[in-house]
Amino acid sequence: PLPLAPTHSGEHSTTMSDNSTAEAIAAAPEQEEIPQQPSAPQKEDWEIQRDAYKAAADAAFRSGDYAQAAAEYSNGLELDPINHVLLSNRSAAHLKLNHKSKSLQDAKACLEASPTFSKGYSRLAAAQQSLGRWKDAKESYQKLLTLDPNNVVAKQGLQDCTAKVKKEEMEEEEEEKNKLKEEQEEEAKKEAEKGPVDEDDLLDDFFSEVETAAAATKVIVEDEGPKIISNHKKDLGTAAEQIERLLAPNHQWRNLNPFYVLDMSHDSSEEDVSRRYKALSLLLHPDKCRTLENAKEAYDEVQRSKAMLLNNEDKARHVRGLVEQGMRKGKQVWQQEGKQKGMKLHEVQEKEVQRIFAQIEFQRREVEKRERKQQQREQQQEEDELDKGRRERQFDKSWREETRTDKRIGNWRDFQKKKKPKL
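First, a word on scope: everything that follows refers to the structure included in this document. As the structure is a prediction and not an experimental result, all values here were calculated from the model.

Quick notes on the rules
- Residues numbered from 1 in each chain as written.
- Predicted model: local features only at pLDDT ≥ 70, side-chain atom pairs only at ≥ 80, totals over all residues.
- Heavy atoms only, no water.
- Helix = DSSP H or I, 4+ residues; strand = E, 2+ residues; numbered from the N terminus.
- Buried < 20%, exposed > 50% of the residue type's maximum accessible area, 1.4 Å probe, protein only.
- Contact = heavy atoms within 4.5 Å.
- Areas by Shrake-Rupley, 256 points an atom, 1.4 Å probe, with all protein chains shown as cover.
- Expected span 1.5 Å × (residues − 1).
- Arc of directions from axis to C-beta.
- Salt bridge = Lys/Arg side-chain N within 4 Å of Asp/Glu carboxyl O.
- Phe/Tyr/Trp six-rings, centres within 6.5 Å; stacked < 30°, edge-to-face > 60°.
- Lys NZ or Arg CZ within 6 Å of the ring centre and 35° of its normal.
- Axes fitted to C-alpha atoms, helices over the stretch in contact; angles between N-to-C directions.
- Parallel < 35°, antiparallel > 145°, perpendicular 65-115°, else oblique.
- Left-handed = near helix turned anticlockwise from the far one by under 90°.
- Nonpolar A, V, L, I, M, F, W, Y, C, P; charged D, E, K, R; others polar.
- Core = buried A, V, L, I, M, F, W, Y, C linked by side-chain atoms within 4.5 Å.

1. Some remarks on the overall build of the protein
Consideration 1: The number of helices and strands found in the protein is 17 helices and zero strands.
Consideration 2: Relative to its full complement of 423 residues, the protein shows a buried share of 38%.
Consideration 3: Taking contacts inside the protein between residues at least 6 apart in sequence as the whole, the part at least 24 apart equals 66%.
Consideration 4: Accessible surface, the protein as shown: approximately 26,400 Å² in total, 49% of it carbon and sulfur.

Right, here's the structure in full:
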């Protein structure tokens, strides 16, 4: 049988390469028995069958038949779907088969079933490491060490991942510098050529539009204290006016600020926010605005703002903090340059508030884009490795068939040579 992966300082250690920690963790399945309920002195039939599947899977794993091992573990999981030991072992089998995404899924399921199962964090870190998710693997090794401080493999894995994370951060920083330099050079070139502005760049277009139209846009309304909903409706004007305001050009950036959507001050009370939301919802409800185009889209913008300000206290506090930050920044900009240029304080503050929300959303989209690319790379990497394995198996099969053919022909020729000629 293969030895267990080292888990304590007293056990053997191995020289680690980029993924050797993951390989060490996947070296063998769990040898422990599946825990039994203390109140059940005798196993049920399904438990006996489950344990039989596990024993067959463990034997297959130790013999190197990882596909059969994964299949037997799956049989056991059909009887006991949240058994953390079976999930842990199948994760190891999938990793041996280079099914990295499946290994990751099983490791996560293992920890959901048993959050304090230290081996589960080993499986999770190994899968993450094999996929190149160094930051995630680093966190998993750190959690493992809180449960098992003397785990040698985890210590080595943490060291490897820390080095990789540092390298990635340096590469990303260098990439950002190069990207910024290229953008500056491109901008200078456009300026020199006096070429047309890139109108597809929504963020730049948004800031440009804010610069010229901020004075004409009503964003901050002084808090007038508690009012009844009907008075709020009167204050909002007509449904057509609100639809035009909420769906104006670049609204997808401006409406990131829920206080802009509700057309009220960020220091309004929660009660007043609720009243304004109700008034605006009644005004724009699709059933009451059937003759107005895009009423449903404007109504949805109001619902999103409600979710940010009334459904989650932490999110509402965060939004208010962002507006405050923009207000302070706007005042600073106004004092430094806007005041001399005759700009109005509230216009500069409005622009800076919108800028903060837009930048955060832009960064969120960039992160989302990078994550999608990372997932695509991982999927392609897994597919390439599987394709490589198929080609190698096909080559090996063809080679064996050719060898057998050549051997049969050689044996026939030898036989012919040994035959005595007829007299």
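Here the narrative resumes.
2. Focus on helix 15 (residues 295–309)
Consideration 1: Taking 1.5 Å of rise per residue, 15 residues should cover 21 Å, and helix 15 covers 22 Å from first to last C-alpha, within 8% of that figure.
Consideration 2: Here helix 15 has its buried residues at A295, A298, Y299, E301, V302, S305 and L309. Within helix 15, the buried residues cover an arc of 150 degrees as seen down the axis, which keeps them to one side.
Consideration 3: In this structure, the buried residues of helix 15 make contact with helix 11 (239–246), helix 12 (251–254), helix 13 (258–262), helix 14 (270–284) and helix 16 (313–338).

3. Topic: the pattern of salt bridges
Consideration 1: One pass over the full model with this rule turns up 20 salt bridges.
Consideration 2: With a shortest N-O distance of 3.8 Å, E173 and K177 are connected by a salt bridge. Placement of both E173 and K177 in helix 8 (residues 152–193) is noted, with a separation of four residues, approximately one turn of the helix.
Consideration 3: As a salt-bridge pair, R317 and D314 come within 2.9 Å of each other at their nearest N and O atoms. Separated by three residues within a single helix, R317 and D314 lie in helix 16, roughly one turn from each other. Of the two residues, R317 and D314, both sit in the exposed class.
Consideration 4: When salt bridges that share partners are traced, they join E361, R364, R365, E368 and R372 into one network.

4. With respect to the packing of aromatic side chains
Consideration 1: Enumeration according to the criterion identifies one aromatic pair in this entry.
Consideration 2: Between F61 and Y66, the aromatic rings sit 5.1 Å apart at their centres with planes inclined by 75 degrees, giving edge-to-face as the arrangement. Residues F61 and Y66 agree in their burial class; the two are buried.
Consideration 3: Just above the ring of Y260 sits the side chain of R245; from NZ or CZ to the centre is 5.1 Å.
Consideration 4: The side chain of R365 reaches across the aromatic face of W253, ending 4.7 Å from its centre.

5. Comments concerning the packing of helix 5 (residues 100–113) against helix 6 (residues 118–130)
Consideration 1: At a closest axis distance of 8 Å, the pairing of helix 5 and helix 6 adopts a crossing angle of 155 degrees. Classified by the interaxial angle, the pair formed by helix 5 and helix 6 is roughly antiparallel. In the packing of helix 5 onto helix 6, the handedness of the crossing is left-handed. Of the residues in helix 6, those in contact with K100, S103, L104, A107, K108, C110 and L111 of helix 5 are G120, Y121, R123, L124, A127, Q128 and S130.
Consideration 2: Broken down by class, the residue content of the contact of helix 5 with helix 6 amounts to seven nonpolar, four polar and three charged.

6. Points about the packing of helix 15 against helix 16
Consideration 1: At a minimum axis separation of 6 Å, helix 15 and helix 16 run at an interaxial angle of 100 degrees. What the angle tells us is that helix 15 and helix 16 run roughly perpendicular. Every residue of helix 16 that contacts helix 15 at A307, M308 and L309 is listed here: K315, A316 and V319.

7. Quick word on unusual backbone geometry
Consideration 1: Even without being glycine, D263 reaches a positive phi, approximately 60 degrees.
Consideration 2: Take D263: it is sitting in the loop between helix 13 and helix 14.
Consideration 3: In this structure D263 comes out as buried when scored by relative accessible area, which is 7%.
Consideration 4: The phi angle at N294 is positive, at roughly 70 degrees, despite the residue not being glycine.

8. Side note on the nonpolar core
Consideration 1: Counting residues in hydrophobic clusters, the biggest one holds 32 residues, and the most contacted among them are F259, L262, L280, L284, V302, L309 and F357.
Consideration 2: Within the residue set of this core, elements represented by two or more residues are helix 11, helix 13, helix 14, helix 15, helix 16 and helix 17 (345–418).
Consideration 3: A per-element tally of this core places helix 14 first, with six residues.
Consideration 4: Setting aside anything within four residues of it in sequence, one finds L284 in contact with A239, Q242, I243, L246, C289, A295, A298, Y299 and V302.

Function cannot be read off these values alone, since they describe shape.
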